[in-house]
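Summary of structural features
Each chain is listed here by its residues.
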Amino acid sequence: MLNVKNDILLNLETFSKLLNSLDILKSKSAVAVSVSAGVDSMSLLHLSNKWAKKNEKSLYIISYDHNIRKESKQEVEFVKLESKKLGWKHKSLKWERPSKKNILEKARNARYEAISEFCRKKNIDVLFLGHHLDDLIETFFIRILKKSKLEGLCPMIINRKIFGINMVRPLLNFSKKTIYQYARQHNIKFFEDPSNYSNMYIRTKVRIFLSKNEDMKSNLVKSVKLFCGLRLYFGKHILKFFLDNVVLKDEGYIIINKKNLLKLPNFLISKILEKGISSVGNRKYPPRSSILKKLTEILVKNTVTTISAGGCLIKVQNQILLILREFNCIKNLSLILNKGEEGVWDNKFVISNLSKDSKISVSALGNELKDSNLFKLYSSKKKSKHLDYNLKKTLPVIKTLEGYAYIPHLNIYNNLILKNNVKVRSVDFCEFKD
């Protein structure tokens, strides 16, 4: 929870107290830290280094070059050198094709996607970010200007899962002023980004405005706390409903108890549908409000039907509600795994190639059924498991260059060696945990 005061002292004790209160970190032996050369990131690196060594954790330092400013390469090299001095591995990632429009948002998304992908390859699922209290206030102010919904008015929390990675923001309770004080106290070297003072961006204009209105900043912190409290309250109710009334199936779809869903007020029904559709549909952004409203009305009227929304097929039946992945949204999805590699398929299945010499490819069953040989294999054993055909089409098929095939969820294969050398496990794509 956010602290209303914006003058909390930043030191190893307050930093460690926050991190040690997070259950997600207790079982982790390694975490990654996203570090630019700015004062926030370098202070985060300094504190994370001390915390990690004290708690016997390993750090992996990651820098992302947005390839927009000529100084960025020098800054990445600086972080690499500082990481080496501290004894930690460093990885540099780069935005090869920077956008010329909507730069800040696209740069942020590109950074998150690249860093998350790298973390998954290293089996690291916790990433520290350097966002602080001023970042939160500025984002909140911008969201107000854009007439955001409730979720948007709690734009950052200490720990949130994005792209399958737990993004932890240890500095979120601390003001920029406090971070500068910490950096000066510990003689931390850092670079100043000139774009932070450019009037090209709305964030910079908001920052300058708020710097001249300290009382407003204080009130905005209180407002953020209120909206985050509301989001947390609704989130707990939604989570409880999912734990009690939703079944997540190994094949990547969910079943919702329709009777109990209809006992809830309409706005909570919409929120539960939003979570279910966003999770199954593997979307970064929720479906449109108009779609959620329409679907809620269908449920309340007790209509039996099927509609498409957010990359899903929603099948409304008498007693239950099924949310399936829509084949058209993944028909071109492919994954190549070399020997010994592991990958994630549609954010639902972790697939491991245990072979010592074979490469495998993964694609959707609906796409592979165009192959006459695989269609014959599937047709000969398709009654092995009773599932909706729309769902079956979205299941992963593992193939080799030699033409061997394995459909794990239907237990259909034409080569036992391939089956024994592929491991498939479902992931909690709805985050079913309390």
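Quick note: structure is the one above.
Quick caveat: nothing in here was measured; it's all calculated off a predicted structure. (Residues numbered from 1 in each chain as written. Predicted model: local features only at pLDDT ≥ 70, side-chain atom pairs only at ≥ 80, totals over all residues. Heavy atoms only, no water.)

**A few points about the sheet that holds strand β10 (residues 312–316)**
In plain terms, the rule: One bridge is not enough; two strands pair if DSSP finds at least two bridges between them. For the purposes of this entry, the term helix denotes a DSSP run of H or I that reaches at least four residues, the term strand denotes a run of E that reaches at least two, and both are numbered from the N terminus. Axes, fitted as lines to C-alpha atoms, cover a helix only where it is in contact. Angles between the N-to-C directions of the axes lie from 0 to 180 degrees. Throughout, a contact is declared for two residues whenever any of their heavy atoms are within 4.5 Å.
Taken together, five strands build an open sheet; the order of strands is β7-β8-β11-β10-β9 and the sheet is antiparallel. At either margin of the open sheet sits one strand with a lone partner, and together these are β7 (246–248) and β9 (305–309). For this sheet the average axis-to-axis angle between neighbouring strands, irrespective of direction, equals 20°. In the sheet, strand β8 (residues 254–257) pairs with strand β11 (residues 320–325) via four bridges, with the strands oriented antiparallel. The residue of β11 that forms the bridge with Ile256 is Leu321. Across the face of the sheet, helix α11 (residues 266–280) comes into contact with β8, β9, β10 and β11 while running at roughly 30° to β11.

**Some remarks on the side chain of Ser270**
Rule in force here: Between buried and exposed lies partly exposed: a residue is buried under 20% and exposed over 50% of the maximum accessible area for its type, with that area taken using a 1.4 Å probe on protein chains only. N or O atoms closer than or at 3.5 Å make up a polar contact, with two conditions inside protein: a donor-capable atom paired with an acceptor-capable one, and, for residues adjacent in sequence, both atoms drawn from side chains.
Checked against the element boundaries, Ser270 lands in helix α11. Since its relative accessible area comes to 17%, Ser270 is described here as buried. Of the polar contacts made by the side chain of Ser270, one reaches the side chain of Thr296; its length is 2.9 Å.

**Overview of the environment of Lys376**
Within the element layout of this structure, Lys376 appears in helix α14 (residues 372–381). Take Lys376: its relative accessible area is 58%, and that puts it in the exposed class. On a C-alpha basis, the gap between Lys376 and Leu136 in space is 56 Å, while along the polypeptide they are 240 residues apart.

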